[in-house]
Amino acid sequence: MSDCIFCKIRDGHIPARLVHRDDHCLAIEDINPQAPTHLLVIPLEHIPTMNDVTVEHREMVGHLHLTAAKLARQRGLADSGYRLVLNTRRDAGQTVFHIHLHLLGGRPMEWPPG
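Residues numbered from 1 in each chain as written. Predicted model: local features only at pLDDT ≥ 70, side-chain atom pairs only at ≥ 80, totals over all residues. Heavy atoms only, no water.

- As named in an unreviewed UniProt entry, the chain is HIT domain-containing protein, taken from Archangium violaceum Cb vi76.

What follows is the structure, given as structure tokens:
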């Protein structure tokens, strides 16, 4: 997608604070952090929303979660806790239409979240 900011970051056309990259995903620091740790874990494949995920994407979706857990451990959040959020469509707060996990931690989280 030529107009997708995450695809542009993936392709190196827009700079970002990259904290992880592998064959399936990348992770960056959020530019508007909502917690002391706020990372975005983004698949390299452009998939607009969770509504577009198919059974063929199951390993990639699992990989996103495993990567987020690894990053949480690296950031010292595994014992205290962290939140993973994946927003779908506008009413849920999705503003970039390329699926991504928000990894939030470093402060107590409230419930309900919003």
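### Description of the pattern of salt bridges
- The tally for this structure, following the rule as stated, stands at two salt bridges.
- Here aspartate 11 and arginine 10 are joined by a salt bridge, their closest N and O atoms 2.8 Å apart.
- The class for aspartate 11 is partly exposed, based on a relative accessible area of 43%.
- Residue arginine 10 is classed as partly exposed on the basis of its relative accessible area of 22%.
- A salt bridge links arginine 75 to glutamate 29, with the nearest nitrogen and oxygen atoms 2.9 Å apart. In this pair, arginine 75 is assigned in the loop between helix H2 (58–74) and strand S4 (82–85) and glutamate 29 in strand S2 (residues 25–29), connecting sequence segments 46 residues apart.
- Given the relative accessible area of 34%, arginine 75 is considered partly exposed. (Salt bridge = Lys/Arg side-chain N within 4 Å of Asp/Glu carboxyl O. Buried < 20%, exposed > 50% of the residue type's maximum accessible area, 1.4 Å probe, protein only. Helix = DSSP H or I, 4+ residues; strand = E, 2+ residues; numbered from the N terminus.)

### Examining the environment of isoleucine 42
- Its location among the elements puts isoleucine 42 in strand S3 (residues 37–43).
- Owing to a relative accessible area of 1%, isoleucine 42 belongs among the buried residues under this scheme.
- C-alpha of isoleucine 42 to C-alpha of histidine 20: the two residues are 22 residues apart in sequence and 10.0 Å apart in space.
- The residues contacting isoleucine 42, other than those within four sequence positions of it, are Phe6, His24, Cys25, Leu26, Ile28, Leu64, His98, Ile99 and His100. (Contact = heavy atoms within 4.5 Å.)

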